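# Coordinates in review
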Amino acid sequence: MDKTRKKELEILALKARMGIIEGVYNAKSGHPGGSLSCVDTLTYIYFNEINVDTKNPKWEGRDRFVLSKGHCAPALYSVLALKGFFPIEELKSLRKVGAMLQGHPDMKGTPGVDMSTGSLGQGISAACGMALSAKLSNKDYKVFAMLGDGEIQEGQVWEATMMAAHYKLDNLVAVVDNNGLQIDGRIDEVMSPNPITDKFAAFGWHVISIDAHNFDEIEAAFNEAKTVTGKPTVIVQKSFKGKGVSYMHDNVAWHGNAPSEEQYHIAMAELNEALEKVQAE
Amino acid sequence: MSDKKIATRDSYGAALVELAQEDENIVVLDADLAAATKTGMFKKAFPERFIDCGIAEANMLGVAAGLATTGKKVFASSFAMFAAGRAFEIIRNSIGYPHLKVNICATHAGISVGEDGATHQCNEDIALMRTIPGMTIINPSDDVETKACMKALLSYDGPAYVRLGRLAVPVINDHEDYNFEIGKGIELVSGNDITIVATGLMVAEALKAAETLKQDGINARVINIHTIKPLDKEIILKAAKETGVIVTAEEHNIIGGLGSAVSEVVCENSPIPVLKVGVNDVFGMSGPAVELLVKYGLTADNIVATCKKALTMK
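A brief report on the enclosed structure follows. (Residues numbered from 1 in each chain as written. Chains lettered and ligands numbered in written order. Predicted model: local features only at pLDDT ≥ 70, side-chain atom pairs only at ≥ 80, totals over all residues. Heavy atoms only, no water.)

## Some words on the overall build of chain A
In terms of regular secondary structure, chain A is built from nine helices and seven strands. Taken over C-alpha atoms, the radius of gyration comes to 18 Å for chain A, in line with the 19 Å a tight globule of 281 residues would show. Taken over the C-alpha atoms alone, chain A extends approximately 50 × 45 × 40 Å along its principal axes. By the burial criterion, 57% of the 281 residues in chain A qualify as buried. Restricting the contact set of chain A to residue pairs at least 6 apart, pairs at least 24 apart contribute 75%. Accessible area of chain A: about 10900 Å², with a carbon and sulfur share of 50%. (Helix = DSSP H or I, 4+ residues; strand = E, 2+ residues; numbered from the N terminus. Rg over C-alpha atoms; globule rule 2.2 N^0.38 Å. Buried < 20%, exposed > 50% of the residue type's maximum accessible area, 1.4 Å probe, protein only. Contact = heavy atoms within 4.5 Å. Areas by Shrake-Rupley, 256 points an atom, 1.4 Å probe, with all protein chains shown as cover.)

Next comes the structure, spelled out in C-alpha cells:
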C-alpha cells in the first residue's frame, strides 16, 4: 500500500477508535472491545472499498455493508460519521433516549446503515439476500458483511454460508473478526468454532487469512476477493479485542463495559499519543 | 356458498403465478416444501425468480429481509410452524423491526394439517405474529379472499403474515359485491341477536351456524375478519353495541388469536360477553383433518351451542 494512503487510513482508524471510546463512555454502556478489534477493517472498507454516496445513503446502486456483529455498532457509527453520513457530535448521544444512534444498528434511523442487526447470526442472511438480489437483477454492486468469531456459533450463520456458496455469490465478501473472545471467555473454551478457515473452505468459500490490524494485508485480501469468481469470499482476520487501548487489549472484561472517567481519559490520552505519532511520521 | 372446495395454499400458488406475470419484482422463497406450499407452481413458471433455501427457515427469512431492502417484492413460504414458530425471532428482528416489505405466506396452519399431528399443527402463529409491532396478519377464508389479499399486498408497504391452509375449503366469497381491503372486516349476514366473528376456514362454519340459529328464531350477525391485525375495531364495536354478545370462531388456540384480539377491543371500549370457539389450549393429534375439526370443536354445531350459551349471558 502507498505510504501516504496507509498513513491516512491509520489516522482515520485512530480517530474512529476515539469515537468508539467517546460514544461508549457517554452512553455508560456498549461494546468497546469488539468495536476496537474490527474498526481497522471497517475504516478500510468505508475509505477504500465501498461505493456509497453520503449525500444519498439509500442510492440503489450502492455497495452494501452489514454489521452482522451488531453489538459493535460504535465502530460502525464512528466510521460512518468520519465518512460524512452524519456529524461526529452524534457519537456522544449513543444509546440515549430519542437518539439517532441506537445500541445496535437501526437501518430506519441512521443514514448509512444498510441493515438492522444485533441479534447474532442474522446479518449474514440479510447480506446473502442483498447479494442474491444483485444476481437476480444483473446489478454489479457488492455486499460486505462483518461477523464475530463467537457469532459463528449461531447455526443460522452456517445456513447462510451454505446458501451463499450454493448460489455462487461472488459479490459477497464476509469478514470474520477473530479476536478469540466472547462474553463468557475464550471462544475455544466456551464453544470452539475452530478451525474457522477449514469450516468456511468446507462450505465452499474462498478463504483468506490476515492480520486485522495491518492495512497492507487488509488491502491485499480485498483485492484478492475481487479476483474470485463463482464463490463467496471470507476474510478471517486475527484481531485483538480492545486493540489500541492498553488496559482493554485482549481482555474479555471489555466485551461490554464502559470506561470510568479515569479510564476514559487514559484511553483518549493513549489514542491521542498514537495519533500524534502517526501524524508526525 | 358454492359446492366448490379449494385449499387456500392452492389459491396462493395460482395467485403467485398470475401476479408475477405483471410484476417482475416478485421473488419467491421456499424451504424445501415447494410441492406442499404450492410455490412449486411459481417455480415451474418462473424458475429464475424462485429461490429454494433448503431446510433452513431462519436463513430464508433473513434472506427475504435482505432482498426486501433492495426493493424486491418477496413472498417467503414454509409451513406455519416453521415460519412463525421456528423463525419467530428472525421475523421479529430482521423483518419486523426494520419494517421491511416481506410477505410471509405460511401454509399448513391450524389443526387441519391432519395426519402429521401435533408437531406440524400450528395453532400459535396468530398469537406470535400479533405481538410483533407493525406486523399485518391476514387469514383468508377461501380461494377468492386469498387471491384478493395477495393482490392487495403487492402495493402494501410493510411486513405481512398470511395464514394459509392445507385442507380444501368451500368458496364463500364468489359474488360480485365482494370487496377486499386490508384491515376491513366484512359483514356477511345481518342480524341483531348475537354476532359471530369468524376467521379463516371457520367463516364457512359460522355461515352454517347462522342458518341453524335462524331456524330457532335467532338472528345472528356473521362477520368475516380476514385481517386479524390491524383489527377492524369499528365493525367489532358496532356489533358489540348492536347485538350485545359475541362469539368468535378460529382454527387457532383460543389464547392469543382472533378471540383474544376481539376481547381486547371489546373490553376496553364496550364490555359485553365474548365467548371463544377455537382449539382449547391443547396440542393436537394425528387424524384426518375433518375428523380433527370435529374432535376439537371447530364446527358449526359447536358455534351454535356456544351462541346459545352466550345468549344466556346477555
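## Here's the deal with the interface of chain A and chain B
Listed by partner, the interface residues are 26 residues for chain A and 25 residues for chain B. For the pair chain A and chain B, the two sides together bury roughly 2000 Å², of which 59% comes from carbon and sulfur. Considering only the side of chain A, the residues that lose the most area to chain B are Gln122(A), Leu136(A) and Glu159(A), jointly responsible for 25% of the buried surface there. Across the chain A-chain B interface, the total number found is zero salt bridges. Across the contact surface, chain A and chain B share 10 residue pairs in polar contact (both at pLDDT 80 or more). Of all the secondary-structure elements, those providing two or more residues to the side of chain A that touches chain B are α4 (123-136) and α5 (155-166) of chain A. Element by element, the count of residues in the side of chain A that touches chain B is highest for α4(A), at eight residues. Here the residues of the side of chain A that touches chain B sort into 12 nonpolar, nine polar and five charged. (Buried area = accessible area lost by both parts, 1.4 Å probe. Salt bridge = Lys/Arg side-chain N within 4 Å of Asp/Glu carboxyl O. Polar contact = N/O pair within 3.5 Å; in protein donor to acceptor, adjacent residues only side chain to side chain. Nonpolar A, V, L, I, M, F, W, Y, C, P; charged D, E, K, R; others polar.)

## Considerations on empty space enclosed by the protein
The final tally for this structure, using the stated rule, is three cavities of 30 Å³ or more. Lining the largest cavity are 15 residues, and of these Asn139(B), Gly165(B), Gly200(B), Leu201(B) and Glu251(B) lie nearest its centre. The residue inventory of the lining of the largest cavity, partitioned by class, reads six nonpolar, seven polar and two charged. Each pocket or cavity is described by its volume, and for the second largest cavity that value is around 40 Å³. At three residues, helix α8 (residues 215-227) of chain A tops the list of elements feeding residues into the lining of the second largest cavity. Of the residues belonging to the lining of the second largest cavity, the class tally is four nonpolar, no polar and four charged. (1 Å grid on protein atoms, 1.4 Å probe; cavity = no way out; pocket = protein on both sides within 12 Å on 5 of 7 lines; lining within 4 Å. Points joined across faces, edges and corners; volume = space filled by probe spheres on them.)

## Structural notes on the pairing of strand β1 (residues 64-67) of chain A
All names here are of chain A. Because side chains alternate across β1, one face comprises the buried residues Arg 64 and Val 66, and the other comprises Phe 65 and Leu 67, equally buried. Bridging between β1 and strand β2 (residues 143-148) involves four bridges; their strand directions are parallel. Looking at β2, one finds that Arg 64 is bridged to Val 143. (Pairing = 2+ DSSP bridges.)

## Focus: unusual backbone geometry
That bond from Asn194(A) to Pro195(A) is cis: its omega, -5°, falls within 30 degrees of zero. With respect to the element layout, Pro195(A) can be found in the loop between α6 (187-190) and α7 (196-202). The omega torsion across Lys229(B) and Pro230(B) is -5°, close enough to zero to call that bond cis. Its location among the elements puts Pro230(B) in the loop between β12 (227-229) and α10 (233-243). Despite not being glycine, Arg95(A) shows a phi value in the positive range, around 65°. If you trace the backbone, Arg95(A) turns up in the loop between α3 (73-83) and α4. Look at Arg95(A) and you get partly exposed, because its relative accessible area is 31%. The phi angle at Asp32(B) is positive, at roughly 65°, despite the residue not being glycine. Tracing the sequence through the fold places Asp32(B) in the loop between β2 (26-30) and α2 (34-37). A residue is classified by how much of its surface remains accessible, and Asp32(B), at 43% relative accessible area, is partly exposed.

## Details of the packing of aromatic side chains
Across all of its chains, the model carries 10 aromatic pairs over all chains by this definition. Aromatic side chains Tyr46(A) and Phe65(A) sit 5.7 Å apart centroid to centroid with 75° between the ring planes, which places their arrangement in the edge-to-face category. Taken together, the residues span a long stretch of sequence, with Tyr46(A) in helix α2 (residues 32-49) and Phe65(A) in strand β1 at a distance of 19 residues. Comparing Tyr46(A) with Phe65(A) shows no difference in burial state: the two are buried. Both rings, one in Phe79(B) and one in Phe82(B), keep their centres 6.0 Å apart while their planes meet at 20°; by these two values the pair is stacked. This pair shows no difference in class: Phe79(B) is buried, exactly as Phe82(B) is. Through a chain of ring-to-ring contacts, the aromatic side chains of Trp158(A), Phe200(A), Phe203(A) and Trp205(A) assemble into a single cluster. Here Lys83(A) stacks its cationic end above the ring of Phe47(A), 5.2 Å away from the centre of that ring. Lying over the aromatic face of Phe46(B), Arg49(B) brings its terminal NZ or CZ to 4.6 Å of the ring centre. (Phe/Tyr/Trp six-rings, centres within 6.5 Å; stacked < 30°, edge-to-face > 60°. Lys NZ or Arg CZ within 6 Å of the ring centre and 35° of its normal.)

## Remarks on the sheet that holds strand β6 (residues 206-211) of chain A
Sheets are built from strands paired through backbone hydrogen bonds, the pairs being either parallel or antiparallel. All names here are of chain A. The parallel open sheet is built from five strands, whose spatial order is β1-β2-β3-β7-β6. A single partner strand is all that each edge strand has here, and the edge strands are β1 and β6. Neighbour-to-neighbour, the strand axes of this sheet turn through a mean angle of 20°, independent of strand direction. Sheet topology note: the β2/strand β3 (residues 172-178) ladder contains six bridges and is parallel. Bridge pairing in β3 links Val 143 to Leu 172. This element, α4, spans β1, β2 and β3 of the sheet and lies at about 170° to β2. (Axes fitted to C-alpha atoms, helices over the stretch in contact; angles between N-to-C directions.)

## A few points about helix α1 (residues 3-27) of chain A
One turn of the α-helix equals 3.6 residues, which is why residues spaced by three or four share an orientation. Residues and elements named next belong to chain A. An ideal rise of 1.5 Å per residue puts 36 Å on 25 residues; α1 measures up with 36 Å between its terminal C-alpha atoms. Its side-chain oxygen placed 3.2 Å from the backbone nitrogen of Thr 4, Asp 2 serves as the N-cap of α1. Once α1 ends, the next one or two residues include Lys 28, with phi positive near 60°. (Expected span 1.5 Å × (residues − 1).)

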